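# Structural features, examined
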Amino acid sequence: MPRLDARSGAAALALTAALALTAALGASCAGTPAAQRGATCPPLCPAVPPPAGSPPAASAGPVVPGAAGEAPVFDPERLTPVLGDPRLAPVQKLVEQEAYASAAAALAQVLATPLPAADAASFRYQLARLRALAGDPAGAAREYDAAAAAGGPLADHARFAAADLLARMGQPDAALERARAVASDVAIADEIDRIVAGALAEKGDIEGAAAHWHAYLGRSWPASTWVPEALRFARALLRHPGEQHAEEAIRIARRVIDEAPGGAGAGEAKEIRDQALSTLPFARRKPFLDPGPADLLARARALLASRQDKEALAVADALVALPEAQAPSAFACDAFAARGEALGRLRRRPEAADVYGTAIERCGPAAPAGAAPAAAAAPAGAATAVSDAPAVSGGAAGAGAPAPRRPETLYNAGRASLRVDRHAEAAARFALLEKEHPDHRLADDARYLGARALLALGDQAQFVQMLTAMPDDFPAGDMVADGLFELALFEMERGGWAGAVRPLERALERFPHERAYHAAGRLPYYLGRAHIETGSPDKGKALLEQVIRDYPLSFYMALAHARLAEIDPAAAQRALAAAMDRDASRPYTELRSPAFARPAFTRAVELARQGEARLARRELDLLGVGGRTAPREVMWASAFLLARAGALPQSYSILRTAMAAPADGRAEIAGNVEWVDHYPVGRWRAAWELAYPRPFAAVVAAETKRSGIPEALAYAIMREESAFDPKVASHADAYGLMQLIVPTAKRMAKPLGLPWSAEALKRPEVNVALGCRYLSVLRGQFSDNPLLAIPAYNAGGGAPKRWIAERPSQSFDLWVERIPYEETRLYTKRVMTSLAVYELLYAGAQPGEALRTPLPASPAARSAVANAAP
C-alpha cells in the first residue's frame, strides 16, 4: 500500500487544531442565548446546539440571502465545522484521539442512516479525508468519487483529491480521467498540471508530461511544493535518455540548487545534475561547467534571494575576479555589490564595508547635472530603510555612465559602514547619494541615517540642521516623521524637553495618526511627556489620555496608561473605561457583500467546515484576499473561516496586516472603520480574538503555572516568534512555537526531564514547557522590571544588563527607543503590544503588566545611582 506523504500529517494537525480552536472560541460563551450576544459574546461564539433528540436537519450555512435588492450576509454564528455536528460527536471524539480508522468507521455508520442530501455529500467528503488519514488511500479515493457524484460545492475538489490519490497509487488512467473532469474555475485547477504530468510520465509520455510540468513550475508556489515536483520532473527526464532531456534535467536541478530556500533539496539536485552531465558529450557539457558572466550574476542573485549566503559569496568571488568586473560598468557594480551583501550577511562586516567601497567605484561616476535619476531604471521597492536589498541587476552601463543601481549601492554601502561604526565613511556615502540623487526614493533615508552618523561623530549642530530641514527638503518623504522624532529623542535624552516640543509638534501636524505598530501613538505620547516635564501638566495629561483613547493596546498606549496612572490614577482609569464604553456601545454591524454569493466563497465556507484550511485560502484568494483587494467584509469573513479551519497563522495575518497601513493610509477590514482603532469590546472583540488567538490552551495554562509566568506573556512571545506554527524552523536554527535554539533548550530541559532535540522542539508540549521555563529564568534576572525579559528573550540575557549598566537612570520608554539592535527594539515593541492585548482580552478588567510598566527601565539601578550621588 502506498505511504501517504507529509501532507497527510499536515491535514491531521489542521483537523485537530480546527476542533480545538472551535472549542476554545466557544468556551467563554457556550449556551449564551442569541438575543444576549453582542457586547458580552462576540460573533466568534458557535451557535447553540439544538436540544437533544431533535430530528436530523440539513446544516444551516453562514451565508444568509439578502432581501430583494440586498447582498447576502455572512453570519459567523451559523458556521459549524462538519465534525461539530451533534450527530458526529462520537466521530469528533475519535478524531481528537487521532484514531482515524475508528473515526472513519463511525462516520460510515452515520452515512448508512437517512440524511439530507447536502449533509450526506458533506459527510462523505469528510469520510474520504478520514480514510486518507487512516492510511487507506484506495478507500479514500472511492469515498472522494462518491462525494463527487453526490454533487455540491466540493465536487471538483473531491475529483481532484481522488485523482491525486490514484496517481500516487500508480493508476494513471484513472487519475487522468478524474483530473480532466475538474472545472477550470476552481482554485485548484492550476494544480491539475502536477497530477497530469505525473500520470503521463507514469504512462511513458515524457513529452506530454514535460509540457504540464513546465506549466506547473512556471507558476508561483511555496518551496515545499515546487521543489519536490521539480526534482520529480528531473528524475523523470533522466529515465528517458537523450541529450535534450539531460540538459533540461540540469537546468531544473540548478534551479533547485540556486533558488530553493536554505538549499532545500540541493543534495538530491546535485546528484541529478552530475548524473545528467555525465551523459553529455563535452561540447554540450561545457556551457554548464563554464557559465558566462550573466549566468554567474543570475546565480548570485538567486542564491542571495534564497538565503544561501556562503554559496552566494563563492559565486560572487568568481564574479569579481572576471575581466568584466575590473572596470566601471553595471555588471561590475552589481558583482561587487553582491559580494558586499554576502559578506555582510555572513557577519564579515568590515570586509563588507570595504567591498562596497569598490562597488561604488565600479558603479561609475555620478550622474551629470540635470540628467534623469538612475533610480528610474530600478524596480520600485528594491531597497528600503530597514533592510538591505540585493544590489544586483542585469544590464550594462554605457562608457562613462553611472550604473543604474548606483543609488541603491551607495545606500547599502552607507549601512554597511554604520554596522562597523565607521561613521565618517557612512556619512560621506549617504551624503553622496543625496547629492547625486536628491529625488531618489532613498534620499530621505540617506539624510536620516547620515545625520545619525554625524551625531555619532559629535557633530550635533549638523545633526540638528539636517533633521530640522527634512520636512522642507523632502515634502513627500516617508522618513520625515522618523527624522523629526530622532531630533526630539536627542533633546529628551539630554533632558532638553523644551527643545523636543517643536519637532514633535511638527511631526504630529504632518502625521496626525501614525499606524505602524512601532510608531502608533509615539508622537502624542512624547509630546505629552514633554509638556509635563516643562510645567504644563494639564496639556500633558490630555495628550496621554488621547493616546489611551486613540491607540488601543499599542506599545505607546501601555506607556501612556502607566505614566498617567503614576500622575493621576483616577484619570488613567477613567480614560480607559471611557474608551472601552465608547466602543462597546456600538451595535454589531452585519457583514454584507455580493461576494458572499460567489461560488468561490461558497467553496471556501465548505472547505473551512471540512478543516481544509489550505484549500479554503486558495478559494478566498480568487476573491482578492491574498492581494488585499477583497472588500473589507470579505477580508473579515475570510479571517474567521480560516480560524475555524484551524489555520491560525493565516487567519490572524489577514487582520494583522491591517496594522501595516496600505498605501492610502487606512487599514479597514470590517464595517467602515479600522478594528485596530477600537478596544476589544462589543462588535470589535471578534476581530481581536482572531488576531490574538490562544491555541494549545491546556498546554500553555499548565506550563505557565508551573513556571510562574503570566499566560499572556507566553502567548505574546509565541505569537511574535512563530505565529503559532509548531513546526516552524528559522534560518538561525530556532524551532517551534517559542523558537528555541537547541543549546538553550538543552539547559532548560535538564531539570524538567524533557527532550531537547530539534524534532522534539516541534512538539508543542515540549516547546512550550521549555520556552516558559526560559522566560521564568529571564524574569528572575530582572526582578525589579520583569518586562526586561522580553528584549532578553530576543537578544540574550546579557544584552539588557549591559544596556542598563550603560544607562542606569534612563526611563523605560527612552531606554527601549535606544536599544542598539533594531531587531530587538522592534521585537520589544511588538511583544509588549501583544502582551497588552492578551492581558486585557483574556485576563480580566484589571490592568496587567503591560499597562503597569515601570517608569524607570530599572528601578533598582536608578535607585543605586541616586543613593551614590553626593
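Residues numbered from 1 in each chain as written. Predicted model: local features only at pLDDT ≥ 70, side-chain atom pairs only at ≥ 80, totals over all residues. Heavy atoms only, no water.

### Topic: the overall build of the protein chain
For clarity, the threshold we go by: Counting from the N terminus, the helices are DSSP H or I runs at least four residues long and the strands are E runs at least two residues long. Categorising residues by exposure relies on relative accessible area from a 1.4 Å probe, with only protein chains included: less than 20% of the type maximum marks a residue as buried, more than 50% marks it as exposed, and the intermediate range marks it as partly exposed. Contact between two residues is taken to exist if any of their heavy atoms lie within 4.5 Å; hydrogens are not considered.
The secondary structure content of the protein chain amounts to 42 helices and 5 strands. The 870 residues of the protein chain split such that 53% are buried. Look at the contacts in the protein chain between residues 6 or more apart in sequence, and 62% of them connect residues 24 or more apart.

### Remarks on the pattern of salt bridges
The cut-off we apply is this: Whenever a carboxyl oxygen of Asp or Glu lies within 4 Å of a side-chain nitrogen of Lys or Arg, that contact is scored as a salt bridge.
Applying the stated criterion across every chain, the model contains 64 salt bridges. Between E434 and R447 there is a salt bridge; the shortest N-O distance is 2.5 Å. In this pair, E434 is assigned in helix α19 (residues 423-436) and R447 in helix α20 (residues 443-456), connecting sequence segments 13 residues apart. Judged by relative accessible area, which is 16%, E434 ranks as buried.

### Things to note about the confidence of the model for the protein chain
For residues with low pLDDT, the predicted coordinates do not support detailed interpretation. What counts is decided by this rule: A score between 0 and 100, pLDDT records how confident the predictor is in each residue.
For the protein chain, the mean per-residue pLDDT works out to 87, and 86% of the residues sit at or above 70. Long-range and interchain partners of residues 368-399, a stretch whose pLDDT sits below 50, account for 59 contacts in this model, where long-range means more than four residues apart. Predicted confidence for residues 658-673 stays below pLDDT 50, and this span has 40 contacts to residues more than four positions away or in other chains.

### A closer look at the side chain of D156
Using the following cut-off: Polar contacts here mean pairs of N or O atoms no more than 3.5 Å apart (in protein, one a potential hydrogen donor and the other a potential acceptor; neighbouring residues in sequence count only if both atoms are side-chain atoms).
Its location among the elements puts D156 in helix α6 (residues 155-168). In terms of polar contacts, D156 uses its side chain to reach the side chain of R159, at 2.9 Å. Apart from residues lying up to four places away in sequence, D156 is in contact with A181, V182, A183, V186 and I188.

### Points about the side chain of S858
Relative to the assigned elements, S858 resides in the loop between α41 (822-842) and α42 (859-868). In contact with S858, not counting residues within four places along its chain, are D784, I804 and P808.

### What to know about unusual backbone geometry
Not every positive phi belongs to a glycine, and R628 is a case in point at roughly 60°. Looking at the element boundaries, R628 is found in the loop between α30 (613-621) and α31 (632-644). Residue class for R628 comes out partly exposed when judged on its relative accessible area of 40%. Despite not being glycine, A723 shows a phi value in the positive range, around 55°. Within the fold, A723 resides in the loop between α35 (711-722) and β4 (734-735).

### As for the environment of A530
Along the chain, A530 turns up in helix α25 (residues 522-533). Once the C-alpha coordinates of A530 and M492 are considered, the two residues, 38 residues apart in sequence, prove to be 8.0 Å apart. In contact with A530, not counting residues within four places along its chain, are W497 and V501.

### Here's the deal with the state of the cysteines
The following threshold applies: Cysteine sulfur atoms are paired as a disulfide whenever they come within 2.5 Å of each other.
Applying the stated criterion across every chain yields a total of 1 disulfide. Paired through a disulfide, C333 and C363 show a sulfur-sulfur distance of 1.9 Å. Because the sign of the S-S torsion sets the handedness, a value of about 55° for the bond joining C333 and C363 places this disulfide among the right-handed ones. With C333 in helix α16 (residues 330-345) and C363 in the loop between α17 (349-362) and α18 (406-419), the pair connects residues that are 30 residues apart, well separated along the chain.

### Comments concerning helix α36 (residues 742-752)
What counts is decided by this rule: The arc in question is the one traced by the directions running from the helix axis out to the C-beta atoms.
Considered for burial, the residues of α36 that qualify are T744, A745, M748 and A749. All buried residues of α36 lie within an arc of 125° about the axis, which places them on one face of the element. Exposed residues pointing more than 90 degrees away from the buried face of α36 are listed as K750 and P751. Two residues or fewer after α36 comes G753, characterised by a positive phi angle close to 70°.

### Here's the deal with the packing of helix α26 (residues 537-550) against helix α28 (residues 569-584)
Rule in force here: What counts as an axis is a line fitted to C-alpha atoms, over the stretch in contact for a helix, and the angles between N-to-C directions run from 0 to 180 degrees. Angular relationships are summarised with four words: roughly parallel below 35 degrees, roughly antiparallel beyond 145, roughly perpendicular across 65 to 115, and oblique for the angles in between. Handedness of each helix crossing follows the sense of rotation of the near helix against the far helix: counterclockwise by less than a right angle gives left-handed, clockwise gives right-handed. As a working rule, the residues Ala, Val, Leu, Ile, Met, Phe, Trp, Tyr, Cys and Pro are called nonpolar, Asp, Glu, Lys and Arg charged, and the rest polar, with Gly in that last group.
Two elements in contact, α26 and α28, have axes whose closest approach is 9 Å; the angle formed by their N-to-C orientations is 30°. The orientation of α26 with respect to α28, classified from their angle, is roughly parallel. Considering how the two elements wind past one another, α26 and α28 form a crossing that is right-handed. Within the contact between the two elements, α26 uses E545, I548, R549 and D550 and α28 uses A571, A575, L576, A579 and R582. Here the residues of the contact of α26 with α28 are counted per class, giving 5 nonpolar, no polar and 4 charged.

### Thoughts on the environment of R644
Assignment of secondary structure puts R644 in helix α31. Note on R644: relative accessible area 1%, which makes it buried. Along the sequence, R644 and A613 sit 31 residues apart, while their C-alpha atoms lie 8.6 Å from each other. Within the structure, R644 has its side chain in polar contact with the backbone oxygen of L79 (distance 2.8 Å).

### Observations concerning the packing of helix α4 (residues 117-133) against helix α5 (residues 137-150)
Packed helix pairs are characterised by how far apart their axes lie and by the angle those axes make with each other. Following both chains from N to C, one finds α4 and α5 inclined at 165°, their axes separated by 8 Å at the closest point. In terms of orientation, α4 lies roughly antiparallel with respect to α5. As α4 packs across α5, the resulting crossing turns out to be left-handed. For the pair formed by α4 and α5, the contact residues are A121, R124, Y125, L127, A128, R129, R131 and A132 on the first element and G139, A140, E143, Y144, A146, A147 and A150 on the second. Split into classes, the residues belonging to the contact of α4 with α5 amount to 10 nonpolar, 1 polar and 4 charged.

### Overview of the sheet that holds strand β3 (residues 591-592)
In a beta sheet, neighbouring strands pair by backbone hydrogen bonds and run either parallel or antiparallel. This is how it is decided: Pairing between strands is defined by DSSP: at least two bridges between them are needed.
Taken in spatial order, the 3 strands of this open sheet run β1-β2-β3, and their pairing is antiparallel. Two strands close off the open sheet at either side, each with one partner strand: β1 (63-64) and β3. Alignment of β1 against strand β2 (residues 73-74), held across 2 bridges, turns out to be antiparallel. Bridge pairing in β2 links V63 to F74.

### Description of the packing of aromatic side chains
Quick note on the threshold: Any Phe, Tyr or Trp ring, taking Trp's six-membered ring, that has another such ring centre within 6.5 Å forms a pair; planes under 30 degrees apart are called stacked, those over 60 apart edge-to-face, and the others tilted. Two thresholds decide whether a charge sits over a ring: the Lys NZ or Arg CZ must be within 6 Å of the ring centre and within 35 degrees of the ring normal.
A complete count under the given rule lists 22 aromatic pairs for this structure. Each ring, one from F74 and one from F596, has its centre 5.7 Å from the other, and the planes form 45°; the classification is tilted. With F74 in strand β2 and F596 in the loop between β3 and α29 (599-610), the pair connects residues that are 522 residues apart, well separated along the chain. Residue class for F596 comes out buried when judged on its relative accessible area of 1%. Residues F596 and F601 carry aromatic rings whose centres are separated by 4.8 Å and whose planes lie at 45° to one another, so their mutual orientation is tilted. Across the pair, F601 and F596 agree in class, each one buried. Linked through ring pairs, F485, Y525, Y526, F555 and Y556 together constitute an aromatic cluster. Seen from the ring of W226, R255 lies directly overhead, with NZ or CZ sitting 4.3 Å from the centre. Taking the ring centre of Y842 as reference, the NZ or CZ of R694 above it sits at 3.8 Å.

### A look at the environment of D482
With respect to the helices and strands, D482 occurs in helix α23 (residues 480-493). Of the residues examined, D482 reaches a relative accessible area of 19% and is grouped as buried. Residue contacts for D482: discarding those within four places in its chain leaves Y448 and R522.

### Observations concerning α20
The condition is simple: Each helix should span, by expectation, one fewer than its residue count multiplied by 1.5 Å.
Here α20 spans 20 Å end to end across 14 residues, near enough to the 20 Å set by a 1.5 Å rise per residue. Of all 14 residues that make up α20, 11 are buried, and the element is covered over most of its length. Listed as buried for α20 are A443, D444, D445, A446, R447, Y448, L449, G450, A451, A453 and L454. Directly beyond the C-terminal end of α20, a positive phi value near 95° is found at G458.

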